[in-house]
Amino acid sequence: MEEGFIVKALSGYYYVENNKGDIYQCRGRGLFRKQNISPLVGDYVQFEQHDHNEGYIYDILPRKNLLVRPPVANVDQAFIISAVTQPAFSSVLLDRFLVLMEFHGINPIIVFNKVDLLVEHEKDEWKEIQQCYTSIGYDTFFVSAKTKEGISSFMTRLKNKLSIVAGQSGVGKTALLNALDPSLELKTGEISNHLGRGRHTTRHVELIHLGDGLIVDTPGFSSLEFDGMEEQMLDTCFPEMRTRKDECKFRGCSHRKEPKCAVKMAYENGEISPFRYEHYIAFYEEIKKQRRY
Ligand SMILES: Nc1nc2c(ncn2[C@@H]2O[C@H](COP(=O)(O)OP(=O)(O)OP(=O)(O)O)[C@@H](O)[C@H]2O)c(=O)[nH]1
Ligand SMILES: [Mg+2]
Ligand SMILES: [Zn+2]
């Protein structure tokens, strides 16, 4: 029996890489299907080699975490990519990604791409947006996949980690990976329609060796629903609320209408950004509604 990890899943086959870098095309054993277990990209597995480069997966080692859409296990960190323009930046979408990553225990890193398209007078506004996220404690990078500005600084963050790139279609996730390693030659798409939306050029999930680490290019995210979340845990997915909630007068404070709420006080003092607080309220209502069904 050998150990390895799944780098690709395609048409019922799992591609398992061992510690020598050899790849075996494997089937999962029948028991998995009976038990409704599906091996995922990122899984550490025990497998047995049969013919030359073929084998069977016998066991899946315990997972640190798993994402359903895209299906990846054992993710350490997520580069959440937004474009400064084309498609237009949406702070509510960024906050949604941040909450989802926090919920799954995945460390988020914020990347603003396409800075080559920024005009001079927009730069101050972006400094403010950046300042807001860095004050919460998030690392932020400004980069351009086109000019390669800023990309070397985040290359070093890949070492010994399993990373994913997440973000709306068309923000340049794949283009960034190509910029970091041109030999990857991954396919990128033109922004195909006048709404500025992309069209999901990236389709299947695959681990790529990059900068002494592994990274998964994802095809946008097919689902950004708050599946499996409860509104009571939402404040733990906002770091600036997580650190204040114990000072609220009431245990289980929802930070909406309760008196002596430390979160609402921080919002009123300007210590918590208004838009972050508003997104919290909107997500809270959304989760509450979805839980009724
Ligand atoms: N000007 C400029 N264009 C960029 C930059 N990065 C990406 N693009 C362009 O944006 C478009 C979309 O890039 P992709 O890398 O395919 O976007 P994606 O995020 O991978 O999109 P999906 O795979 O559909 O989720 C392409 O036309 C890229 O050439 C950049 O830094 N500057
Ligand atoms: Mg892509
Ligand atoms: Zn409160």
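Residues numbered from 1 in each chain as written. Chains lettered and ligands numbered in written order. Predicted model: local features only at pLDDT ≥ 70, side-chain atom pairs only at ≥ 80, totals over all residues. Heavy atoms only, no water.

- The name recorded for the chain in an unreviewed UniProt entry is Small ribosomal subunit biogenesis GTPase RsgA, from Aliibacillus thermotolerans.
- UniProt annotates the chain under Subunit (unreviewed entry) with the comment "Monomer. Associates with 30S ribosomal subunit, binds 16S rRNA."
- Word for word, the UniProt comment on the chain under Subcellular location (unreviewed entry) is "Cytoplasm". (UniProt positions renumbered as here; feature names shortened; annotations may be inferred.)

## Things to note about the coordination of the zinc ion (ligand 3)
Line of reasoning, step 1. Cys-248 (SG), Cys-253 (SG), His-255 (ND1) and Cys-261 (SG) make up the full set of protein donors to the zinc ion (ligand 3), lying at 2.1 to 2.4 Å.
Line of reasoning, step 2. Classification of the site at the zinc ion (ligand 3) rests on its four donor atoms, whose angles at the metal span 104 to 116°, yielding the label tetrahedral.
Line of reasoning, step 3. All donors of the zinc ion (ligand 3) belong to a single chain; written as a sequence motif, their spacing is C-x4-C-x1-H-x5-C. Here Cys-248 and His-255 have matching classes, each one buried. (Donors = N, O, S within 2.8 Å, 3.2 Å for Na, K, Ca; no water. Tetrahedral: all angles 85-135°; square planar, octahedral: opposite > 155°, others 65-115°. Buried < 20%, exposed > 50% of the residue type's maximum accessible area, 1.4 Å probe, protein only.)

## Here's the deal with unusual backbone geometry
The phi angle of most residues is negative, glycine excepted, and most peptide bonds adopt the trans form.
Line of reasoning, step 1. Following Gln-86, the chain continues into Pro-87 via a peptide bond in cis, with omega recorded as 0°.
Line of reasoning, step 2. Its location among the elements puts Pro-87 in the loop between β8 (77-83) and α2 (91-103).
Line of reasoning, step 3. Here the phi dihedral of Lys-114 falls at roughly 70°; this positive angle occurs in a residue that is not glycine.
Line of reasoning, step 4. The residue Lys-114 is located in the loop between β9 (107-113) and α3 (123-136) in this model.
Line of reasoning, step 5. One non-glycine residue, Asn-160, lies in the positive phi region at around 55°. (Helix = DSSP H or I, 4+ residues; strand = E, 2+ residues; numbered from the N terminus.)

## Examining the nonpolar core
Line of reasoning, step 1. Residues Ile-57, Val-99, Tyr-133, Leu-207 and Leu-234 are the most contacted members of the largest nonpolar core, which totals 63 residues.
Line of reasoning, step 2. Among the elements that make up this core, the one with the highest residue count is α2 (six residues).
Line of reasoning, step 3. Residues contacting Val-99, with those up to four places away along its chain left out, are Phe-226, Met-229, Leu-234, Cys-237, Phe-238 and Phe-283.
Line of reasoning, step 4. Among the nonpolar cores identified, the runner-up in size contains 20 residues, and Ile-109, Val-143, Ala-145 and Ile-208 belong to it. (Core = buried A, V, L, I, M, F, W, Y, C linked by side-chain atoms within 4.5 Å. Contact = heavy atoms within 4.5 Å.)

## Details of the packing of aromatic side chains
Line of reasoning, step 1. Inspection of the entire model under this criterion finds 16 aromatic pairs.
Line of reasoning, step 2. Among the aromatic residues, those joined into a cluster by ring pairs are Phe-226, Phe-238, Tyr-267, Tyr-277, Tyr-280, Phe-283 and Tyr-284.
Line of reasoning, step 3. Above the ring of Tyr-13, the side-chain terminus of Arg-27 is found at 4.0 Å from the ring centroid.
Line of reasoning, step 4. Across the ring face of Phe-32, the terminal group of Arg-29 is positioned such that the distance to the ring centre comes to 5.8 Å. (Phe/Tyr/Trp six-rings, centres within 6.5 Å; stacked < 30°, edge-to-face > 60°. Lys NZ or Arg CZ within 6 Å of the ring centre and 35° of its normal.)

## Some remarks on the side chain of His-279
Line of reasoning, step 1. Structurally, His-279 can be placed in helix α8 (residues 274-290).
Line of reasoning, step 2. Apart from residues no more than four positions distant in its own chain, His-279 is found in contact with Ser-91, Val-92, Asp-95 and Phe-238.

## Considering the sheet that holds strand β4 (residues 44-49)
Line of reasoning, step 1. Pairing within the closed barrel is mixed, and its five strands lie in the order β1-β2-β3-β5-β4. Within the sheet, the average angular offset between the axes of one strand and its neighbour, ignoring direction, is 55°.
Line of reasoning, step 2. Here β4 pairs with strand β5 (residues 54-60) via five bridges, running antiparallel. Bridged to Val-45 within β5 is Ile-60. (Pairing = 2+ DSSP bridges. Axes fitted to C-alpha atoms, helices over the stretch in contact; angles between N-to-C directions.)

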